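Residues per chain are reported as follows:
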Amino acid sequence: MDGRAVAPAAGTVLNALATGTGSAFAIDLETTATVKLTDDGEVDAEIAGQPDADTTLVERCAELTIAEHADAAGLDETAVGARVETNSDVPMASGLKSSSAAANATVLATLDALELGDALERIDACRLGVQAARDAGVTVTGAFDDASASMLGGVTITDNMADELLAHEEVDWHALVYTPPEQSFSADADVSACERIAPMADLVAELALDGRYGEAMTVNGFAFCGALGFSADPMVEALPDVDGVSLSGTGPSYVAVGDRRTLETVQDRWTERDGTTRLLQTRTDGTQIQ
Ligand SMILES: Nc1ncnc2c1ncn2[C@@H]1O[C@H](COP(=O)(O)OP(=O)(O)OP(=O)(O)O)[C@@H](O)[C@H]1O
Ligand SMILES: O=C(O)C1=C[C@@H](O)[C@@H](O)[C@H](O)C1
């Protein structure tokens, strides 16, 4: 029994490390997971092209999904194993929610392999991936904001302490993403520095809940560049013409939204920097079984 699913990456409106409230939007970079069920009870995984990367997260996603749902598929959970493979164009640990995309794709691919693709609400499948991320130690808050944006598409605002969705809206934006040539793992972020900027995060949440996503992102970006020690220069280079620009996740990527021609002008500036600049669009369709 084989399963396969594809999940989009996401960019940040509000980083949840300050208060537990977060907001993110899906973008069109993808991670694909394929899952082959076995009868040896063992779960292992491989990340295409990255033999040394940590596979704990996706293994835990497959284990939890099997533990909770094998029974409904008429299988003995202790005998069911899985071979997981992910293939991704989302740079890992770069602030573009590679972990959420990998988790969502693996949970849905495992459900697909169990022939239970429609048995679970998408938001509950997303909560399973968040639990796996907490168990694997790759997240601070669980990152339900990033995971829900990747699972549902569009923009979401969430309470990551309760894994509750506060708002979900379809959006159709152009997004420019700049990724410097380094990695920044969420689990290593300076959480106490982020907690010191909680009043700014509250302001960002108010703006986002009011639908003022662009301004929310920009305030978030300056505040979290300060807290996490990233340069605000790429943001200043994008202003004042973009609708919003922010450090994404725990960095090092930056994301700007606005009209395509404006973003092309910003792209000319950002491509002078080391790293990769991509002109993308938001995604409304979220994670899909294939
Ligand atoms: N394609 C993938 N396949 C399997 N696991 C992955 C994949 N991409 C990321 N991961 C897991 O996610 C971890 C990185 O998580 P981290 O939260 O630091 O990065 P991110 O989600 O890209 O960043 P951010 O939360 O700032 O957006 C990796 O160590 C790995 O365990
Ligand atoms: O690990 C986490 O809890 C998070 C990491 C970043 O992506 C943040 O943007 C997100 O809001 C929360």
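Provided above is the structure to which this section pertains.
Residues numbered from 1 in each chain as written. Chains lettered and ligands numbered in written order. Predicted model: local features only at pLDDT ≥ 70, side-chain atom pairs only at ≥ 80, totals over all residues. Heavy atoms only, no water.

This part covers the overall build of the chain. Each helix and strand in the chain was counted, giving 9 helices and 11 strands. Since a compact globule built from 290 residues should have a radius of gyration of about 19 Å, the 18 Å found for the chain is in line with a globular shape. With the principal axes as the frame, the chain shows a C-alpha extent of 60 × 35 × 30 Å. For the chain, the proportion of its 290 residues judged to be buried stands at 57%. Sequence separation of 24 or more characterises 72% of the internal contacts of the chain that already satisfy a separation of 6 or more. Accessible surface for the chain amounts to roughly 11,800 Å². Of this, 43% is attributable to carbon and sulfur atoms. If the 16 positive side-chain charges of the chain are averaged to one point and the 50 negative ones to another, these points end up 5 Å apart. (Helix = DSSP H or I, 4+ residues; strand = E, 2+ residues; numbered from the N terminus. Rg over C-alpha atoms; globule rule 2.2 N^0.38 Å. Buried < 20%, exposed > 50% of the residue type's maximum accessible area, 1.4 Å probe, protein only. Contact = heavy atoms within 4.5 Å. Areas by Shrake-Rupley, 256 points an atom, 1.4 Å probe, with all protein chains shown as cover. Lys, Arg positive; Asp, Glu negative; His and termini not counted. Charge placed at Lys NZ, Arg CZ, Asp CG, Glu CD.)

Summarising burial for strand E2 (residues 21–38): 13 of the 18 residues are buried, a large majority. Pairing of strand E1 (residues 2–14) with E2, which is carried by 12 bridges, proceeds in the antiparallel orientation. For Asp2, the partnering residue across the bridge sits in E2 and is Lys36. Across 5 bridges, E2 lies against strand E5 (residues 155–159) in antiparallel orientation. Across the sheet, the residue bridging to Ser23 is Ile157, located in E5. Note that E2 and strand E4 (residues 81–88) share 8 bridges and pair antiparallel. Residue pairing for E4: Thr34 is matched across the bridge by Glu85. (Pairing = 2+ DSSP bridges.)

Here we take up the nonpolar core. Core analysis: the biggest nonpolar cluster contains 49 residues, and Val13, Phe25, Ile27, Phe224, Tyr254 and Trp270 have the highest contact counts within it. With 8 residues, helix H7 (residues 213–228) is the single largest residue contributor to this core. (Core = buried A, V, L, I, M, F, W, Y, C linked by side-chain atoms within 4.5 Å.)

The next subject is the site of ligand 1. Taken together, 21 residues sit near ligand 1, with Thr86, Lys97, Ser98, Ser99 and Ser186 positioned nearest. Measuring from an oxygen atom of ligand 1, one finds a backbone N or O atom of Asp54 at 3.0 Å. Thr250 is positioned with one of its side-chain polar atoms (N or O) 2.9 Å from an oxygen atom of ligand 1. Look at ligand 1: alone it shows 640 Å² of surface, and the protein chains cover 96% of it. More than half of the atoms belonging to ligand 1 lie within 2 Å of the grid points that define the largest pocket. Of all the secondary structure elements, the ones that give two or more residues to the shell around ligand 1 are helix H1 (56–69), E4 and helix H2 (98–113). Top contributing element to the shell around ligand 1 by residue count: H2, with 3 residues. A class-by-class count of the residues in the shell around ligand 1 yields 9 nonpolar, 9 polar and 3 charged. (Near = heavy atom within 4 Å. Polar contact = N/O pair within 3.5 Å; in protein donor to acceptor, adjacent residues only side chain to side chain. 1 Å grid on protein atoms, 1.4 Å probe; cavity = no way out; pocket = protein on both sides within 12 Å on 5 of 7 lines; lining within 4 Å. Sits in = over half its atoms within 2 Å of the grid points. Nonpolar A, V, L, I, M, F, W, Y, C, P; charged D, E, K, R; others polar.)

This paragraph deals with the sheet that holds strand E9 (residues 254–258). A sheet is described by the order of its strands in space; here 4 strands give the open sequence E8-E9-E7-E10, paired in antiparallel fashion. If you trace the sheet from one side to the other, it starts and ends with strand E8 (244–247) and strand E10 (276–281), each paired once. Ignoring which end each strand starts from, the neighbouring axes of this sheet average 15 degrees apart. With 4 bridges joining them, E8 and E9 adopt antiparallel strand pairing. Residue pairing for E9: Ser246 is matched across the bridge by Val255. Across the sheet, H7 touches E8 and E9, and the angle it forms with E8 is around 25 degrees. (Axes fitted to C-alpha atoms, helices over the stretch in contact; angles between N-to-C directions.)

Here the focus is the site of ligand 2. The full set close to ligand 2 counts 14 residues, and Ala16, Thr139, Thr141, Asp145 and Asp146 are the nearest of them. With respect to ligand 2, the side chain of Asp145 contributes an N or O atom lying 2.5 Å from an oxygen atom. Between ligand 2 and Asp146, the relevant distance is 2.7 Å, taken from an oxygen atom to a side-chain nitrogen or oxygen of the residue. For ligand 2, the cavity whose grid points lie within 2 Å of the majority of its atoms is the largest pocket. Class assignment for the residues of the shell around ligand 2 results in 4 nonpolar, 7 polar and 3 charged.

Attention shifts here to the state of the cysteines. According to the stated counting rule, one finds 0 disulfides in the structure shown. Free of any disulfide, Cys194 has its nearest neighbouring cysteine sulfur in Cys225, separated by 11 Å. Using a relative accessible area of 0% as the deciding quantity, one classes Cys194 as buried. Residue classification places Cys225 among the buried residues on the basis of a relative accessible area of 3%. (Disulfide = S-S within 2.5 Å.)

Here we come to helix H9 (residues 260–270). Three or more residues of H9 are buried, namely Thr262, Leu263, Val266, Gln267 and Trp270. Buried residues of H9, seen end-on, are gathered within an arc of 145 degrees and therefore sit on one face of the element. Exposed and oriented more than 90 degrees from the buried face of H9 are Arg261 and Asp268. Next to the buried residues of H9 lie strand E7 (174–179), helix H8 (233–238), E8, E9 and E10. At the N-terminal end of H9, a side-chain oxygen is found 3.2 Å from the backbone nitrogen of Arg261, two or three residues along, and the residue is Asp259. (Arc of directions from axis to C-beta.)

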